[in-house]
Amino acid sequence: MRSGQAITIIAAAALAASIGIADAKDKVKVGFIGPLTGGVSANGLGGRNSADLAVKLRNADPKSKYEYELVVLDDECKPNVAVQVATKMAADKEIIGAATHYCSATAIATVDVYHKFGFPIIVWGAVLPDITYRNKYAEVHRVNGTMINQNDANAELLHKVGYKTVAIIHDTTDYGKGHNQYFTKAFEKLGGKVLGRFGVTADQQDFTAELTQIKALNPEVIYFGGLTPIGVRIRAQMDKLGIKAVFDGTSGIVSDAFIQGVGPLAEGVLAFREGAPTEKLPGGKFFLEKYNAQKYDNPPEAYGAFAYSAMSMILDSIEKVGPDRKKVIADLANVKDRDSIVGKITFDDHGQNTVAVITKYVIQDGKFVEWDDSEYASGKRKLPGQK
């Protein structure tokens with residue numbers, strides 16, 4: 001080989017290498033936190049997969065400025081664990097922002113951590129109003145709605161159906177206590193009467209004492225403010241004690257795991273959640289097609305679309321202002337009518353998105369069915385005591 005040819009080959013190789021280097025994108029880390037183990041892990045895994053999908057689709061987009069890496073941590077739906085993992089993530093300066101928390105107890109426990117570290121997060125599932133409204137933290141945002149709207153819709157449906165008396169069982173976390181507070185206010189405003197309130201712990205197994213007292217009160221409805229694992233146990237033990245009241249749950253039981261856990265006893269259970277059903281969201285069809293194409297081991301569950309939207313918003317901000325936490329926080333503060341698969345998102349001055357739509361569900365034939373589309377709404381089927 002002549003020297004001139006060798007020089008030409010070397011130059012071509014160098015040029016190719018330089019082009020490759022130019023084409024390589026800077027790597028940026030983003031985070032996800034949710035309950036990947038424990039009683040509500042189905043929701044956490046669905047949320048994780050949905051956030052992962054947002055990252056995968058962004059990395060596949062040739063217009064994306066960066067290559068994103070998703071860091072995933074498990075909060076176990078336990079406040080003490082959540083504070084540990086939130087601190088670990090927020091302290092890692094390479095992670096620019098995160099989609100965080102399904103459980104209200106973990107979300108409210110960690111807001112001070114995110115504020116301390118100047119770490120921008122978007123809550124994707126937790127509904128306690130205090131998460132965004134207790135403090136005015138620029139770092140904290142939420143794409144899903146709060147339990148206030150949820151309980152207003154719940155009370156209105158019970159009133160419409162003709163129920164006037166309720167007994168409340170709620171877990172003693174901030175989540176359960178919040179639901180007790182907001183449901184009571186909404187139900188009593190409409191003329192309903194709360195016959196009794198019973199706080200239970202998240203790991204309680206036996207509810208015989210509470211349910212025996214409730215049976216003596218003879219309410220038309222048992223309102224449950226808590227998550228799937230306790231809800232399954234209470235519904236099963238209601239049956240053993242012969243309690244025929246309607247079981248009325250919050251968004252905490254909107255999960256396939258609840259139906260699987262109670263089997264036929266799920267029939268006629270009520271539940272409420274912010275936002276439209278996934279398939280009816282503006283981008284719901286797109287989201288479900290892309291999600292199913294990945295062949296994840298778990299379904300997205302009720303809040304998967306919100307986790308996807310939260311992560312997409314973080315990626316949008318990084319694309320716009322660069323991988324800088326302060327700039328991302330500033331960009332999120334100005335979100336107005338931003339498109340997402342769950343609809344237009346606008347953050348108020350506390351970082352809260354207002355989700356006007358509340359979906360009313362009843363379990364019919366082993367599925368969560370929108371109330372208005374159900375045979376219970378049409379009168380073809382009747383709930384216990386339904387007028």
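Here, every reference points to the structure presented above.
Residues numbered from 1 in each chain as written. Predicted model: local features only at pLDDT ≥ 70, side-chain atom pairs only at ≥ 80, totals over all residues. Heavy atoms only, no water.

Engineer: Explain the packing of aromatic side chains here, please?
Structural biologist: By convention here, two paired aromatic rings are described through the distance between centres and the angle between planes. Within this structure, the stated rule accounts for 14 aromatic pairs. With a centroid separation of 5.9 Å and an interplanar angle of 70°, the aromatic rings of Y102 and Y303 are classed as edge-to-face. One end of the pair, Y102, is in the loop between β3 (95–100) and α4 (104–117); the other, Y303, is in the loop between α11 (284–293) and α12 (304–321), and 201 residues separate them in sequence. Of the two residues, Y102 and Y303, neither departs from the other in class, the shared state being buried. Taken together through their ring pairs, the aromatic side chains of F32, Y102, W124, Y303 and F306 make up a single cluster. (Phe/Tyr/Trp six-rings, centres within 6.5 Å; stacked < 30°, edge-to-face > 60°. Helix = DSSP H or I, 4+ residues; strand = E, 2+ residues; numbered from the N terminus. Buried < 20%, exposed > 50% of the residue type's maximum accessible area, 1.4 Å probe, protein only.)

Engineer: Whenever I open this one, the pattern of salt bridges confuses me. Can you help?
Structural biologist: A side chain of one charge can pair with a side chain of the opposite charge if their charged atoms are brought near each other. Counted by the stated rule, this structure contains 17 salt bridges. Close ionic contact of K78 with E76 constitutes a salt bridge, the shortest N to O distance being 3.4 Å. By relative accessible area, E76 is classed as partly exposed at 29%. Across the salt bridge formed by D365 and R381, the nearest N and O atoms sit 2.7 Å from each other. (Salt bridge = Lys/Arg side-chain N within 4 Å of Asp/Glu carboxyl O.)

Engineer: What exactly am I supposed to notice about the pairing of strand β8 (residues 221–225) here?
Structural biologist: In the case of a regular strand, side chains alternate between the two sheet surfaces. Burial within β8 is extensive, with five of its five residues counted as buried. With burial as the criterion, each face of β8 is covered, one bearing V221, Y223 and G225 and the other bearing I222 and F224. Relative to β8, strand β6 (residues 165–171) is paired through five bridges, and the arrangement is parallel. Across the sheet, the residue bridging to I169 is F224, located in β8. (Pairing = 2+ DSSP bridges.)

Engineer: Got a minute to help me understand the packing of helix α6 (residues 147–161) against helix α7 (residues 174–189) in this structure?
Structural biologist: Between α6 and α7, the shortest axis-to-axis distance is 8 Å and the interhelical angle comes to 45°. By the criterion of interaxial angle, the relationship of α6 to α7 is oblique. The two elements α6 and α7 cross, and the hand of that crossing is right-handed. Contact with α6, carried on its side by M147, I148, Q150, N151, D152, N154, A155 and L158, involves Y175, G178, H179, Y182, F183, A186 and F187 of α7 and no other residues of that element. Residues of the contact of α6 with α7, tallied by class, amount to nine nonpolar, five polar and one charged. (Axes fitted to C-alpha atoms, helices over the stretch in contact; angles between N-to-C directions. Parallel < 35°, antiparallel > 145°, perpendicular 65-115°, else oblique. Left-handed = near helix turned anticlockwise from the far one by under 90°. Contact = heavy atoms within 4.5 Å. Nonpolar A, V, L, I, M, F, W, Y, C, P; charged D, E, K, R; others polar.)

Engineer: Any chance you could explain α11 here in plain terms?
Structural biologist: The α-helix advances 3.6 residues per turn, and as a result positions three or four apart in sequence lie on the same side. Of all the residues in α11, the buried ones are G284, F287 and Y291. Buried residues of α11, viewed axially, fall in a sector of 65°; they line one side. For α11, exposure combined with an orientation more than 90 degrees from the buried face picks out K285, N292 and A293. Along its buried surface, α11 packs onto α2 (41–59) and α12. (Arc of directions from axis to C-beta.)

Engineer: Would you mind showing me how to read the sheet that holds β3 here?
Structural biologist: With respect to topology, five strands assemble into an open sheet ordered β2-β1-β3-β4-β5, the strand pairing being parallel. Each edge of the sheet is formed by a strand with only one pairing partner; in this case those strands are β2 (66–74) and β5 (140–142). Strand-to-strand twist of the sheet, defined as the mean angle between neighbouring strand axes without regard to direction, takes the value 25°. Sheet topology note: the strand β1 (residues 26–34)/β3 ladder contains four bridges and is parallel. What sits directly across from F32, in β3, is A99.

Engineer: When you look at the side chain of R325 in this model, what are you seeing that I'm missing?
Structural biologist: Within the element layout of this structure, R325 appears in helix α13 (residues 325–332). A polar atom in the side chain of R325 sits 2.9 Å from the backbone oxygen of A90. Beyond its immediate sequence surroundings of up to four residues, R325 is in contact with M89, A90, D92, K93, I95, I96, F117, G118, F119 and P120. (Polar contact = N/O pair within 3.5 Å; in protein donor to acceptor, adjacent residues only side chain to side chain.)

Engineer: Could you clarify how one ought to interpret the environment of E69 in this entry?
Structural biologist: Tracing the chain through its elements places E69 in strand β2. Setting aside chain neighbours within four positions, we find E69 in contact with V28, K29 and V30.

Engineer: Would you explain the pairing of strand β12 (residues 367–370) in this entry?
Structural biologist: Both strand β11 (residues 358–364) and β12 contribute to a ladder of four bridges, which runs antiparallel. In the sheet register, V362 faces β12, and the bridge partner there is V369. In this structure, the hairpin formed by β11 and β12 is closed by a connection of two residues, where D365 is found at a positive phi of approximately 55°.

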